[in-house]
Amino acid sequence: ASYAALLRNIVDNVDQSIELLNILTDSQRSLVLDIWQGPRVANPDKSAVALFQDQVHAQPDRPAVRCESRTLTYAELDRHSDGVAAYLLSVSSEPEPIVAVIAQRGIEFTVALLGILKAGAAFLPLDPAHPPARNLDMVADSGARSILLGDGVLVEELGALGELPVDIALLPEVIREWDGRTRDVDRSRPDGLAYIIYTSG
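Residues numbered from 1 in each chain as written. Predicted model: local features only at pLDDT ≥ 70, side-chain atom pairs only at ≥ 80, totals over all residues. Heavy atoms only, no water.

Description of the packing of aromatic side chains
Right, on to step 1. Inspection of the entire model under this criterion finds 3 aromatic pairs.
Right, on to step 2. Ring plane angle 40 degrees and centroid distance 5.9 Å describe the contact between Phe52 and Tyr74, whose orientation is recorded as tilted. One end of the pair, Phe52, is in helix α3 (residues 48-58); the other, Tyr74, is in helix α4 (residues 74-91), with 22 residues separating them in the sequence.
Right, on to step 3. For Phe52, a relative accessible area of 11% gives the class buried.
Right, on to step 4. Ring geometry for Phe123 and Tyr195: centres 5.6 Å apart, planes at 25 degrees, overall stacked. In this pair, Phe123 sits in strand β4 (residues 122-126) while Tyr195 sits in the segment after α8 (171-178), placing the two residues 72 residues apart along the sequence. (Phe/Tyr/Trp six-rings, centres within 6.5 Å; stacked < 30°, edge-to-face > 60°. Helix = DSSP H or I, 4+ residues; strand = E, 2+ residues; numbered from the N terminus. Buried < 20%, exposed > 50% of the residue type's maximum accessible area, 1.4 Å probe, protein only.)

So this is what it looks like as structure tokens:
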């Protein structure tokens, strides 16, 4: 249907620049506009963590994240990410620190990102498939002070990290050893820095 719409648009607008041609049918366009212009819920006084906590209280036993055969409920994700936050708060007292995460996408990755936000920190997601030198450059440039690694192989690959003033920990070990520990303080803020992303540019 989109292809037919594009062909009709070409015939009807032979002088039109290609990037301005429409590939949506009328019903598709209406659906997109309805979603885009739909109602918005304003939460100016709540951080992402506070919005998550609302869901924990409302539906603690509902699935919050699923990856392949593994599932965490809202209560489990809350508990595991609390442990990550408690660990990060134990190694850094810096306001709004930056924490790099080098791990495969999955359950632990999600736990790490939420835990970082709970600690009032910003996350810097790094791709374990990137050359170690590329990841090191981003760690140094961002000013990250902590790194959570997905597996031990990455420790060897990033051996040069000893030259940087960073705390390095294995994410699975942090989740296991700090599970169930609660944060002494919630440092997340609605206007706090959430993440840093490096693009190819």
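Comments concerning the nonpolar core
Right, on to step 1. Among the nonpolar cores identified, the biggest contains 33 residues, and Val84, Ile116 and Leu148 are the most heavily contacted of them.
Right, on to step 2. Contributing elements (two or more residues each) for this core: α3, α4, β3 (98-102), α5 (107-118) and α8.
Right, on to step 3. Apart from the residues within four sequence positions on either side, Leu148 is in contact with Val84, Tyr87, Val99, Ala100, Val101, Ile102, Ala112, Ile116, Ala169, Leu171 and Val174.
Right, on to step 4. Ranked by size, the runner-up nonpolar core spans 12 residues in total, among them Ile98, Ile102, Leu126 and Ile196. (Core = buried A, V, L, I, M, F, W, Y, C linked by side-chain atoms within 4.5 Å. Contact = heavy atoms within 4.5 Å.)

Some points on the sheet that holds β4
The pairing of strands in a sheet happens through backbone hydrogen bonds and is either parallel or antiparallel.
Right, on to step 1. Pairing is parallel across the open sheet formed by 4 strands, whose spatial order is β4-β3-β5-β6. A strand with exactly one partner marks an edge of an open sheet, and here the two such strands are β4 and β6 (167-170). Taken pair by pair, the neighbouring strands of this sheet meet at an average axis angle of 20 degrees, ignoring direction.
Right, on to step 2. Alignment of β3 against strand β5 (residues 146-149), held across 4 bridges, turns out to be parallel. In the strand pairing of β5, Val99 is matched with Ser146.
Right, on to step 3. Lying over the sheet, helix α6 (residues 132-142) contacts β3, β4 and β5, oriented at roughly 165 degrees with respect to β4. (Pairing = 2+ DSSP bridges. Axes fitted to C-alpha atoms, helices over the stretch in contact; angles between N-to-C directions.)

Section: the environment of Arg183
Right, on to step 1. Looking at the element boundaries, Arg183 is found in the segment after α8.
Right, on to step 2. Here the alpha-carbon distance between Arg183 and Ser90, two residues 93 residues apart in the chain, equals 9.5 Å.
Right, on to step 3. When near neighbours in sequence (up to four residues on either side) are disregarded, Arg183 contacts Val49, Gln53, Asp82, Ala85, Ala86, Leu89 and Lys118.

Focus: the environment of Gln104
Right, on to step 1. Here Gln104 is to be found in the loop between β3 and α5.
Right, on to step 2. On the accessibility criterion, Gln104 (60% relative accessible area) is exposed.
Right, on to step 3. Each C-alpha atom, one on Gln104 and one on Gly150, is 6.7 Å from the other, the two residues being 46 residues apart in sequence.
Right, on to step 4. Look past the residues within four positions of Gln104 in its chain and what remains in contact with it is Phe109 and Pro128.

Here we look at α8
Right, on to step 1. For α8, the full list of buried residues reads Leu171, Val174, Ile175 and Trp178. Each buried residue of α8 lies within a common arc of 95 degrees when the element is viewed along its axis, so the set occupies one face.
Right, on to step 2. Looking at the buried residues of α8, the elements they touch are α4, α5, β5 and β6.
Right, on to step 3. After α8 finishes, the residue Gly180 shows a positive phi value of roughly 90 degrees. (Arc of directions from axis to C-beta.)

Section: the confidence of the model for the protein
Right, on to step 1. Averaged over all residues, the pLDDT of the protein equals 86, while 89% of them reach at least 70.
Right, on to step 2. Ranking the helices and strands of the protein by mean pLDDT puts strand β2 (residues 70-73) first, with 96, and helix α7 (residues 152-157) last, with 68. (pLDDT = per-residue confidence, 0-100.)

Remarks on the pattern of salt bridges
Right, on to step 1. The tally for this structure, following the rule as stated, stands at 7 salt bridges.
Right, on to step 2. Residue Arg70 pairs with Glu108 through a salt bridge whose shortest N-O separation is 2.9 Å. Here Arg70, found in strand β2, pairs with Glu108, found in helix α5; they are 38 residues apart in sequence, far enough to count as distant.
Right, on to step 3. Among the residues examined, Arg70 registers a relative accessible area of 41% and is labelled partly exposed.
Right, on to step 4. As a salt-bridge pair, Asp78 and Lys118 come within 2.5 Å of each other at their nearest N and O atoms. Of the two residues, Asp78 is situated in helix α4 and Lys118 in helix α5; the sequence distance between them amounts to 40 residues. (Salt bridge = Lys/Arg side-chain N within 4 Å of Asp/Glu carboxyl O.)

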